Amino acid sequence: MTEISEGQTELLQAFCEITTCDITTGRTILESTNWDLENAISLYYEQQNANVYEGNNFNITEQVNTNNITVNQYENLNEQQETNIDQTNEGKHLNTLKLKKCFKMFLSVCGTSLSAIFGFFKTLFCVPNLNNRAQDNVSIRNFNRSVISQIEQVQIEEARRIREEQDLEYMRSLNLDSMKQEKALEKKRTKDLIRERREKLQAEFQQDRDIEQESLSRVCVKNSAGKKFQRNFHKDDSVYEIFKWIDSLALDKNNLISDKFSLRLPHSKSVEIDDSYADKEITISEIGFYPNTLLLINNFDEDSDD
C-alpha cells in the first residue's frame, strides 16, 4: 500500500473514531470518495444498511423454505424485518447526528483558529496605535504638569516678591518712626538746653546797670506784633549782649520770640545780629548803635536750619 500524507492520516483517524471500523476498511472507503470525510461516512453507513437488509432477507427466505412456516409466522417475520429496518434507520439517524456534531466541531475549531489569527493581526496593528496613544497621554500629562509647575513657580515668586516688598516697607516704616522719635528726642533736648540757657540769661538781666549818661546807648527792639522792648547798654558792650537780652525775653511765650531768631535794622539787611556774634568782639558803638537804635526781631521757623 502507498503511504498517505499527515492530513489524510488525520482524516482516517477521524473516520475510524466516528464509524468504529478498522483502518483498512476506512482507508478503502476514503480513497473511493477521494478522501472526502463526509461522503465517506455516508457511504459507509449506506453499505452497512444494505448488508443488514440483505442478511435479514436471506434469513427470512431460508426459514420459509426449510420450515414451511405458516402465514402468521411469515407476517411475524415481516414485522420483525420492519422493526430491524426501523432500528437500522434509527442507527443511520444517530450516525448522521454524529457526523453533524463532528462537522460542527470542525467548524468550531476553524472558527477558533480564525479568531486567533484575527486577534493576532488586530494586536499587530492596534498595539502600536495604543502605544502611541499612551505616549500622547503621557506627553499631555507631562505638559500639564509642566504648565502647572510653571504657574505655581510664578505664584511662589509673586508671593515672595510681595512679601519682600511688605518687609521692606515695614522696615522703612520702622526706620521712619525711629527717625521721628530720634528727631523728637533731639528737639526736646534742644528745647531743654535753650530753656536752661534763657533761664540763666533772665537771671543775668533782671537788674539794670548804672551807666553814665555819656556812655549810655538806648536799644529798642520790636517783635512781629509791634510790641517794644527797651534797655540801656554801655556803648562799649558787645553787640552780642543785645542778642542775649532778647534771648532771655523769649521765656515768656507772649513775647513771640522763637527758639531761633536774629536782629535786623528796620530798613536794611546789611546788619543781622544772631548767635554767630558770640565769637565776635564788636561793640555797640563800633556797629553804629550809639547813642540809640531800633532793631526788629526776625523769627525763624523752628524746623528751619537758617
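Numbering of residues begins from 1 in every chain and follows the order in which that chain's sequence is written. Totals for whole chains, interfaces and linings use every residue, but because this is a predicted model, local features are given only for residues with pLDDT of at least 70 and side-chain atom pairs only at 80 or more, for both listing and counting. Side-chain calculation: all heavy atoms of the structure are included, whereas hydrogens and water are not.

Draft legend 1. Quick peek at the side chain of K244. The secondary structure listing takes helices from DSSP runs of H or I that are at least 4 residues long and strands from runs of E that are at least 2 residues long, numbered from the N terminus. By secondary structure assignment, the location of K244 is in helix α5 (residues 239-249). Residue contacts follow a heavy-atom distance rule, with two residues in contact if any of their heavy atoms lie within 4.5 Å. The contacts of K244, once residues within four sequence positions are left out, are L201, E204 and F205.

Draft legend 2. Focus on the pattern of salt bridges. One speaks of a salt bridge when a side-chain nitrogen belonging to Lys or Arg is within 4 Å of a carboxyl oxygen belonging to Asp or Glu. Under the counting rule described, the total for this entry stands at 16 salt bridges. Across the pair R161 and E158 runs a salt bridge whose closest N-O atoms are separated by 2.4 Å. Taken together, the residues span about one helical turn, with R161 and E158 both in helix α4 (residues 71-204) at a distance of three residues. With relative accessibility at 35%, the residue R161 sits in the partly exposed group. On the basis of relative accessible area, E158 is assigned to the partly exposed category, the value being 35%. The partner of R198 in a salt bridge is D247, and the shortest N-O contact between them spans 2.4 Å. Placement of R198 in helix α4 and of D247 in helix α5 is noted, with a sequence separation of 49 residues between them. Residue classification places R198 among the buried residues on the basis of a relative accessible area of 2%. Shared partners join several salt bridges into a network, and the residues in it are K191, R197, R198, D247 and D259. Remark: exposure states derive from per-residue accessible area (1.4 Å probe, protein chains only) relative to the maximum for the residue type, with buried under 20%, exposed over 50%, and partly exposed in between.

Draft legend 3. Structural context of unusual backbone geometry. Between Y290 and the following residue, P291, the backbone shows a cis peptide bond with an omega angle of 5°. In this model, T20 sits at a positive phi of 60°, which is unusual for a non-glycine residue. Take T20: it is sitting in the loop between α1 (6-19) and α2 (23-32). Phi is positive for L256, close to 55°, though the residue is something other than glycine. With respect to the helices and strands, L256 occurs in the loop between α5 and β3 (261-265).

Draft legend 4. Fine view of the UniProt feature "coiled-coil region" (unreviewed entry) in the protein chain. UniProt positions are given in the numbering used here, feature names are shortened, and annotations may be inferred rather than shown by experiment. Under the local residue numbering, the UniProt record ascribes the feature "coiled-coil region" (unreviewed entry) to residues 176-204. Spanning residues 176-204, this segment combines 100% helix with 0% strand, and its end C-alpha atoms are found 41 Å apart.

Draft legend 5. Representation of the nonpolar core in the model. By nonpolar core we mean a set of buried residues, namely Ala, Val, Leu, Ile, Met, Phe, Trp, Tyr and Cys, connected to one another through side-chain atoms within 4.5 Å. Residues I242, L263 and I273 are the most contacted members of the largest nonpolar core, which totals 23 residues. For this core, the secondary structure elements donating two or more residues are β1 (216-222), β2 (228-234), α5, β3, β4 (268-273) and β5 (292-299). Within the second largest apolar cluster, 14 residues are counted, among which are C16, I18, Y44 and L99.

Draft legend 6. Geometry of α1. Multiplying 1.5 Å by the residue count of a helix minus one yields the expected span of that helix. For α1, built from 14 residues, the straight-helix expectation of 20 Å at 1.5 Å per residue is met to within 8% by its first-to-last C-alpha distance of 20 Å. The set of residues buried in α1 consists of L12, F15, C16, I18 and T19. An end-on view of α1 places all buried positions within 165° of arc, on one side of the element. Looking at α1, the residues exposed on the side facing more than 90 degrees away from the buried face are E6, E10 and E17. Our arc is simply the arc of the directions from the helix axis toward the C-beta atoms.

Draft legend 7. Geometry of the confidence of the model for the protein chain. Every residue gets a pLDDT, meaning the predictor's confidence in that residue, from 0 to 100. Confidence in the prediction of the protein chain, expressed as mean pLDDT, is 80, and 75% of residues score 70 or more. Per-residue pLDDT, averaged within each element of the protein chain, yields its smallest value for helix α3 (residues 37-67) (67) and its largest for β1 (94). Low pLDDT, under 50, characterises residues 67-71; the stretch is placed with five contacts to residues that sit more than four places away or in other chains.

Draft legend 8. Representation of the sheet that holds β2 in the model. The strand order β2-β1-β5-β3-β4 describes an open sheet built from five strands, whose pairing is mixed. The open sheet has two edge strands, β2 and β4, and neither has a second partner. Within this sheet the neighbouring strands show an average axis-to-axis angle of 35°, counted without direction. Any two strands are treated as partners once DSSP identifies two or more bridges connecting them. With four bridges joining them, β3 and β5 adopt antiparallel strand pairing. If you follow L263 over to β5, its bridge partner there is I297. As a rule, the C-alpha atoms of each element are fitted with a line to give its axis, helices using only the stretch in contact, and angles between N-to-C directions run from 0 to 180 degrees.

Draft legend 9. Up close: the packing of aromatic side chains. For Phe, Tyr and Trp, where Trp contributes only its six-membered ring, two rings pair if their centres lie within 6.5 Å, and the inter-plane angle classes them as stacked under 30 degrees, edge-to-face over 60, or tilted in between. In the structure shown here, the tally under the stated rule is five aromatic pairs. Ring centres of F15 and Y44 lie 5.9 Å apart, and the angle between their planes is 80°; on these two criteria the pair is classed as edge-to-face. Of this pair, F15 sits in helix α1 while Y44 sits in helix α3, and the two are 29 residues apart along the sequence. When sorted by exposure, F15 lands in the same class as Y44, which is buried. On the basis of an interplanar angle of 70° and a centroid distance of 5.8 Å, the ring pair of F233 and W245 is categorised as edge-to-face. With F233 in strand β2 and W245 in helix α5, this residue pair connects regions lying 12 residues apart in the sequence.

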